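Notes for the structure review
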Amino acid sequence: MISAMKFILLFFSGIVLHLGITPVQALLHRFEVRSSSHTWLCTTKSMLTVNGRFPGPTIYARRGDLVTVDIINLSDQNITIHWHGVKMPRYPWSDGTNYVTQCPIQPGKNFTQRMILSDEEGTLWWHAHSDWSRNSVHGAIVILPPARET
Ligand SMILES: [Cu+2]
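Everything quoted here is computed from the prediction, not taken from an experiment.

**Some remarks on the packing of aromatic side chains**
By the definition in use, this model includes four aromatic pairs. Between the aromatic rings of Phe-31 and Trp-83, the centroid separation amounts to 6.3 Å while the plane-to-plane angle is 55°, which identifies the pairing as tilted. Residue Phe-31 is located in strand E1 (residues 26-40), and its partner Trp-83 is located in strand E5 (residues 81-84); the two are separated by 52 residues in the primary sequence. Comparing Phe-31 with Trp-83 shows no difference in burial state: the two are buried. Their ring planes at 50° and their centres at 4.7 Å tell us that Phe-31 and Trp-126 sit as a pair that is tilted.

This is the structure in structure tokens:
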């Protein structure tokens, strides 16, 4: 028969193992969301971009990494960035679905979003999640296997 103390130890060690997602590597990105001019098929337009790029920057990471992205909203509209296909353990409020998991980042404000790539591998994408901003505010997330498995 398991004593009460052993039961408590087993119970809490199980919780620690369950939550024990230890990031392998921490990566930091800075996304500045702002309007910039782009020429496409002889037409120049102003559109919302990240770091002035269309499509936006690609995030390269490995499974198990913690990715931190500082979002600085230099545009004139609310914005959130959604990490499409990432399970978001530990940081569900960084999921980027505005008015569902977080408030939108208002013009002139910033917000730090974090994601742990717990078991994702391959190519996913990130995109804005407010109104039509996702048309031009998007980019790839390339997730490699852990270094020891390559
Ligand atoms: Cu999505």
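What follows continues from the structure just given.
**Topic: the coordination of the copper ion**
Octahedral six-donor coordination of a metal ideally yields angles of 90 or 180 degrees, compared with 109.5 degrees for tetrahedral four-donor coordination. Every protein donor of the copper ion is listed here as His-84 (ND1) and His-127 (NE2), and their distances to the metal cover 1.9 to 2.0 Å. Of this pair, His-84 sits in strand E5 while His-127 sits in strand E7 (residues 122-128), and the two are 43 residues apart along the sequence. Look at His-127 and you get buried, because its relative accessible area is 4%.

**Section: the sheet that holds strand E4 (residues 66-73)**
Whenever strands of a sheet pair, they do so through backbone hydrogen bonds, lying parallel or antiparallel. In spatial order, the strands read E2-E1-E4-E6; together these four strands make up an open sheet with mixed pairing. The outermost strands of the open sheet, each flanked by one partner alone, are strand E2 (43-50) and strand E6 (110-116). Taken pair by pair, the neighbouring strands of this sheet meet at an average axis angle of 25°, ignoring direction.

**A look at the confidence of the model for the chain**
Residues with a pLDDT of 70 or more make up 83% of the chain, whose mean pLDDT is 86. Note that residues 9-19 has pLDDT below 50 and, in this model, two contacts with residues that lie over four places away or in other chains.

**Some thoughts on the side chain of Gln-102**
Positionally, Gln-102 belongs in the loop between E5 and E6. A polar atom in the side chain of Gln-102 sits 3.0 Å from the backbone nitrogen of Gly-96. Aside from chain neighbours lying at most four places away, what touches Gln-102 is Thr-80, Trp-93, Ser-94, Asp-95, Gly-96, Thr-97, Phe-111 and Gln-113.

**Quick word on unusual backbone geometry**
The peptide bond linking Phe-54 to Pro-55 adopts the cis configuration, its omega dihedral lying at -10°. With respect to the helices and strands, the residue Pro-55 is situated in the loop between E2 and strand E3 (59-62). Phi at Leu-41 is positive, roughly 50°, even though this residue is not glycine. Judged by relative accessible area, Leu-41 falls into the exposed class, the value being 74%.

About the criteria used
- Residues numbered from 1 in each chain as written.
- Predicted model: local features only at pLDDT ≥ 70, side-chain atom pairs only at ≥ 80, totals over all residues.
- Heavy atoms only, no water.
- Phe/Tyr/Trp six-rings, centres within 6.5 Å; stacked < 30°, edge-to-face > 60°.
- Helix = DSSP H or I, 4+ residues; strand = E, 2+ residues; numbered from the N terminus.
- Buried < 20%, exposed > 50% of the residue type's maximum accessible area, 1.4 Å probe, protein only.
- Donors = N, O, S within 2.8 Å, 3.2 Å for Na, K, Ca; no water.
- Pairing = 2+ DSSP bridges.
- Axes fitted to C-alpha atoms, helices over the stretch in contact; angles between N-to-C directions.
- pLDDT = per-residue confidence, 0-100.
- Contact = heavy atoms within 4.5 Å.
- Polar contact = N/O pair within 3.5 Å; in protein donor to acceptor, adjacent residues only side chain to side chain.

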